[in-house]
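Examination of the molecular architecture
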Amino acid sequence: MLFAINTFPQMGEVAKWHRAVDAAADLGADAVIMADAGLMAYASERHPQLRLHLSVQGSATHADAIELMRERFNIKRVVLPRVLSLAQIGKLARQTSVELEVFGFGSLCVMAEGRCLLSSYATGDSPNNKGVCSPAHAVRWTEQDGTMHARLSGILIDSYAPGEPAGYPTLCKGRFEVEGERGYVLEEPTSLNALSLLPALLDIGIAAIKIEGRQRSPRYVADVVGVLRAAIDAACAEPARFAPRQEWQGTLGRHAEGDQVTQGAYDRPWR
Ligand code: SF4
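Source: prediction; values computed, not measured.

How each quantity is defined
Residues numbered from 1 in each chain as written. Predicted model: local features only at pLDDT ≥ 70, side-chain atom pairs only at ≥ 80, totals over all residues. Heavy atoms only, no water. Pairing = 2+ DSSP bridges. Helix = DSSP H or I, 4+ residues; strand = E, 2+ residues; numbered from the N terminus. Axes fitted to C-alpha atoms, helices over the stretch in contact; angles between N-to-C directions. Parallel < 35°, antiparallel > 145°, perpendicular 65-115°, else oblique. Left-handed = near helix turned anticlockwise from the far one by under 90°. Contact = heavy atoms within 4.5 Å. Nonpolar A, V, L, I, M, F, W, Y, C, P; charged D, E, K, R; others polar. Buried < 20%, exposed > 50% of the residue type's maximum accessible area, 1.4 Å probe, protein only. Arc of directions from axis to C-beta. Polar contact = N/O pair within 3.5 Å; in protein donor to acceptor, adjacent residues only side chain to side chain. 1 Å grid on protein atoms, 1.4 Å probe; cavity = no way out; pocket = protein on both sides within 12 Å on 5 of 7 lines; lining within 4 Å. Points joined across faces, edges and corners; volume = space filled by probe spheres on them.

**Quick notes on the sheet that holds strand S6 (residues 139–144)**
One open sheet holds the three strands; their spatial order is S6-S7-S8, and the pairing between them is antiparallel. Every other strand in the sheet has two partners, leaving S6 and strand S8 (155–160) as the edge strands with one partner each. Neighbour to neighbour, the strand axes of the sheet diverge by 25 degrees on average, direction disregarded. Examined bridge by bridge, S6 and strand S7 (residues 147–152) share six bridges and lie antiparallel to one another. Considered in S7, the bridge of Trp141 is made with Ala150.

Shown next, in the form of structure tokens:
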């Protein structure tokens, strides 16, 4: 049982976060996933037996940052931000004794793990304090002359022609007009799919595969966890002969944002 307490406490309200850490320890958490250094100091001093994982929100992308967290707070695992290539992850694995966890499937953030203010700017609800990015209550879909418009807090995020796959209206993945050209300015709506990279990740010694799951339905959780479990078992059994099955990819494809998948930063052919 892992508890995520990976938000950043606000001034004057730190006691709330301390109570959450105490509750996790009292409930016998196998580990607590955390991002805030002050909170990790509290957890490691108050509950030295509690296993700590550094959240992706902590944005640790190099060995010095990870080792500092290990020395200060005895972290056992780090969830790596989705900005590193496979080669960089392999190098990191050789430089630290901390277990590495990486993302295997799900929506991408714009390389600003833990530091994005776009949702709070547009809706008043921040991923940090409300656990939501672009919350559903702020989303409006309207159809006009056959074109579907997606708005977030009244801001037009995207418009879709009839039959065009529509993504969830997230501010970073909208199409906007810049200098006369309309297109994706920051990021496309697409999902990471690292299924075919499982043998390589196993070879690096990755301890766990993370599935992006914020604001997801029970169907998403059941389908994606089912596919990843079967694929990881198959990759562990026969890594050299592993190939993602078509039905696995079909299931993941149905849950992909904007009906598109990518290997993200893992695969950088230019490097
Ligand atoms: S707006 Fe985009 S970058 Fe920011 S939290 Fe949401 S998905 Fe991530």
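There's plenty left to go through after this.
**A short note on the packing of helix H8 (residues 218–237) against helix H9 (residues 246–254)**
Interaxial distance between H8 and H9 falls to 10 Å at its minimum, and their mutual angle equals 150 degrees. By the angle between their directions, the pair H8 and H9 is classed as roughly antiparallel. Two packed elements cross with a definite hand, and for H8 against H9 that hand is left-handed. Here Asp223, Val224, Val227, Leu228, Ala230, Ala231 and Ala234 of H8 come into contact with H9, specifically with Trp248, Thr251 and Leu252. A per-class count over the contact of H8 with H9 returns eight nonpolar, one polar and one charged.

**As for helix H4 (residues 86–95)**
Those residues of H4 not exposed but buried are Leu86, Ile89, Gly90 and Leu92. Projected onto a plane normal to the axis of H4, the buried residues spread over an arc of 160 degrees and lie on a single side. Along H4, exposed side chains directed more than 90 degrees from the buried face belong to Ala87 and Arg94. The inward-facing, buried residues of H4 contact helix H3 (63–73), strand S5 (99–107) and helix H7 (198–204).

**Here we look at the environment of Ser159**
Within the secondary structure, Ser159 is located in strand S8. Taking the C-alpha atoms as reference points, Ser159 and Gly174, separated by 15 residues in sequence, lie 9.0 Å from one another. With sequence-adjacent residues up to four places away left out, Ser159 is seen in contact with Thr147, Met148, His149, Glu164, Arg175 and Arg182. A polar atom in the side chain of Ser159 sits 2.8 Å from the side chain of His149.

**Considerations on the layout of surface pockets**
Taken as a whole, the second largest pocket encloses approximately 280 Å³ of empty space. Counting only elements with at least two residues in the lining of the second largest pocket, the list comes to H7, strand S12 (208–211) and H8. Ranked by residues supplied to the lining of the second largest pocket, first place goes to H8 with five residues. Partitioning the lining of the second largest pocket into residue classes produces twelve nonpolar, no polar and one charged.

Don't take any of this as a statement about function, it's just geometry.
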